[in-house]
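This is what each chain is made of:
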Amino acid sequence: MEKAKSFEIPKRAVWEAYKKVKANKGAAGIDEVSIAKFEKDLGNNLYKLWNRMSSGSYFPLPVKAVAIPKKSGGTRVLGVPTVADRTAQMVVKERFEPKVETVFLEDSYGYRPGKSAIDAVGVTRKRCWRYDWVLEFDIRGLFDNIDHELLMKAIRKHTDCRWEILYIERWLKAPFRTEEGAIVERAKGTPQGGVISPVMANLFLHYAFDLWVKRRYPQNPWVRYADDGLVHCRTRQEAEKLREELMKRFEECKLELHPDKTRIVYCKDDDRRGDYQNISFDFLGYTFRPRRAKSKYGKYFISFLPAVSDKATKSMRRIIHDWRMHLKPDKSIEDLSRMFNPIVRGWINYYGHFYKSRLHIVLRYFNGCLVHWARRKYKRFNRHRRRAEYWLGRLARREPRLFTHWQMGTLPTAG
């Protein structure tokens, strides 16, 4: 007869959690056990994990620290738990997240089911037309600096499940193991890369920012996506006062606003007089600034609108460059379509949502790389770029569905 467990955790919950972890893919942790390796003894591995979690004897391994480059320069440290630890976190996340989702506010968008970054960009676009000023803020090192005591207080407010609280606390305290093999103890933060970390960050900021601004500034709409946020203001003075109070608020919560990324911006357009130093801001890969627009009556005017940011276009061009298409003359045009179409489609679906014409810079560059590939593949085009362009242009008109961006009219030059 099986011994009674300390905690009632269904075996099915562990199995369902693992399926989600597998779907999310991800690298191996410090034990070097990949998902493929974990699956070789899947039944036994999941049973051992369930047994340890149910008995209270589950302790996570140290988190593998991996430094990745940031678009703005420098590096960001990601924490990669083991496959078993990611599965355990998913078990708790699936139980805990619905309890806090019911209290999270409408304008919190990051890492939430049924909400997206595009939703946040869309609502911001409309509010910039109604409010003249924006306070743009960014929290410095949010995931690295969340106070454990304050976070655990918030967690206990929303659950009395002993094993949820126990394991969340153990994950928060799990040390990092650096790439050099050193063990680094942690007294604050929740590893960026952990399955449950986004929910923890949202819960912390729900109390640190969301509820605070709603209570103190009910007349000012806001939007937050993880550690990036905006508050819309009617006057510059209102924005300056809010910035001062917000800095104090985050200090109380043991966080710091990034001084270079926290700014007041004037939403300049044809109807807004006067000048201000900052008339643009970046949010979720889009740059909001004055842009030429056309009314339904055919009249041109200047509106404050989002379009894909320069940083995002440079990043996409760099990725296309690194594909080295011209070094793949052994591939057919259909091969290239299968290899790269899903990525290009994803870019169009996201960055083409607003002011799509700005994305053509990237798509034309992609066409240029296809021309370069054609010149390397076919000897008759080797010294004749115009002929390669003409051939590719005719192909695009004959088979526009071959590449996603050809369907939206970004065709190669056809001579």
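Heads up: the structure comes first, above all this text.
For the structure given in this document, a descriptive report is provided here. In this text, all values refer to a predicted model and were calculated from it rather than measured experimentally.

Reading guide: rules and limits
Residues numbered from 1 in each chain as written. Predicted model: local features only at pLDDT ≥ 70, side-chain atom pairs only at ≥ 80, totals over all residues. Heavy atoms only, no water. Phe/Tyr/Trp six-rings, centres within 6.5 Å; stacked < 30°, edge-to-face > 60°. Buried < 20%, exposed > 50% of the residue type's maximum accessible area, 1.4 Å probe, protein only. Lys NZ or Arg CZ within 6 Å of the ring centre and 35° of its normal. Helix = DSSP H or I, 4+ residues; strand = E, 2+ residues; numbered from the N terminus. Expected span 1.5 Å × (residues − 1). Bend = angle between axes of the 7 residues up to and from the residue. Arc of directions from axis to C-beta. Contact = heavy atoms within 4.5 Å. Pairing = 2+ DSSP bridges. Core = buried A, V, L, I, M, F, W, Y, C linked by side-chain atoms within 4.5 Å. Axes fitted to C-alpha atoms, helices over the stretch in contact; angles between N-to-C directions. Parallel < 35°, antiparallel > 145°, perpendicular 65-115°, else oblique. Left-handed = near helix turned anticlockwise from the far one by under 90°. Nonpolar A, V, L, I, M, F, W, Y, C, P; charged D, E, K, R; others polar. 1 Å grid on protein atoms, 1.4 Å probe; cavity = no way out; pocket = protein on both sides within 12 Å on 5 of 7 lines; lining within 4 Å. Points joined across faces, edges and corners; volume = space filled by probe spheres on them.

1. A look at the packing of aromatic side chains
Moving on, step 1. Tallied over the full model, the rule gives 30 aromatic pairs.
Moving on, step 2. With a centroid separation of 6.2 Å and 55° between ring planes, the pair formed by W212 and Y217 is classed as tilted. No difference in accessibility class separates W212 from Y217, as the two residues are buried.
Moving on, step 3. One aromatic cluster is present, formed by W323, F340, W347, F366, F403 and W406 through successive ring pairs.
Moving on, step 4. Over the face of the ring belonging to F59 we find R170, whose NZ or CZ atom lies 3.7 Å from the ring centre.
Moving on, step 5. Sitting over the ring of F176, R186 keeps its end group 5.2 Å from the ring centre.

2. Some details on helix α4 (residues 83-101)
Moving on, step 1. The end-to-end C-alpha distance of α4 is 26 Å, a good match for the 27 Å that 19 residues give at a rise of 1.5 Å each.
Moving on, step 2. Taking the largest bend as the criterion, α4 deviates by roughly 35°, centred on K93.
Moving on, step 3. Among the 19 residues in α4, 15 count as buried, and that is most of the element.

3. Notes on unusual backbone geometry
Moving on, step 1. Its identity is not glycine, yet R324 carries a phi of approximately 50°, on the positive side.
Moving on, step 2. With respect to the helices, strands and loops of the structure, R324 is situated in the loop between α11 (310-322) and α12 (333-351).
Moving on, step 3. The class for R324 is partly exposed, based on a relative accessible area of 36%.

4. With respect to helix α1 (residues 11-24)
Moving on, step 1. Along its 14 residues, α1 runs 21 Å from first to last C-alpha, staying within 8% of the 20 Å computed at 1.5 Å per residue.
Moving on, step 2. Within α1, the full set of buried residues consists of V14, A17, Y18 and V21. Burial along α1 is one-sided: seen end-on, the buried residues are contained in an arc of 105°. What points out from α1, more than 90 degrees from its buried face, is the exposed set R12 and A23.
Moving on, step 3. Tucked inside the fold, the buried residues of α1 contact α2 (35-39), α3 (42-55) and α4.
Moving on, step 4. Of the residues one or two after α1, K25 is the one with positive phi, at around 60°.

5. What about the sheet that holds strand β1 (residues 63-69)?
The strands making up a sheet are joined through hydrogen bonds of the backbone, oriented either antiparallel or parallel.
Moving on, step 1. Taken together, 4 strands build an open sheet; the order of strands is β2-β1-β4-β5 and the sheet is mixed. Each edge of the sheet is formed by a strand with only one pairing partner; in this case those strands are β2 (75-80) and β5 (183-184).
Moving on, step 2. In this sheet, β2 lies alongside β1 in antiparallel orientation, the contact comprising 6 bridges. Among the inter-strand pairings, V66 is bridged to a residue of β2, identified as L78.

6. Focus: the nonpolar core
Moving on, step 1. The biggest cluster of nonpolar side chains holds 69 residues, and the ones touching the most others in it are M53, I155, I168 and F250.
Moving on, step 2. Element by element, the count of residues in this core is highest for helix α9 (residues 197-216), at 10 residues.
Moving on, step 3. For I155, the contacting residues outside a window of four places in its chain are F96, I165, I168, M200 and L203.

7. Observations regarding the packing of α1 against α3
Moving on, step 1. Here α1 crosses α3 at 125°, and the two axes come no closer than 10 Å. Overall, the two elements α1 and α3 adopt an arrangement that is oblique. For the crossing formed where α1 meets α3, the hand is right-handed. Note on element contacts: α3 touches α1 through L42, L46, Y47, L49 and W50, opposite K11, V14, W15 and Y18.
Moving on, step 2. Its residues placed into classes, the contact of α1 with α3 shows 8 nonpolar, no polar and 1 charged.

8. Side note on the layout of surface pockets
Moving on, step 1. Volume-wise, the largest pocket comes out at about 1,600 Å³.
Moving on, step 2. R76, D138, D227, D228 and K261 are, among the 40 residues lining the largest pocket, the residues nearest its centre.
Moving on, step 3. Breaking the lining of the largest pocket down by element, the ones donating at least two residues are β1, β2, β3 (133-138), α6 (142-145), β7 (228-233), β9 (281-283), α11 and α12.
Moving on, step 4. Looking at the lining of the largest pocket, the element that brings in the most residues is β2, giving 4 residues.

9. Looking at the sheet that holds strand β6 (residues 222-225)
Moving on, step 1. The 4 strands lie next to each other as β6-β7-β3-β8, forming an open sheet whose pairing is antiparallel. Only two strands of the sheet have a single partner each, and these edge strands are β6 and β8 (263-266). If you compare each strand with its neighbour and ignore which way they point, the axes differ by 20° on average.
Moving on, step 2. Pairing of β6 with β7 involves 4 bridges; the strand directions are antiparallel. Across the sheet, residue R224 finds its bridge partner in β7, namely G229.
Moving on, step 3. Relative to β6, helix α5 (residues 117-130) is tilted by about 155°, and along the sheet it contacts β3, β6 and β7.

By themselves these figures say nothing about function.
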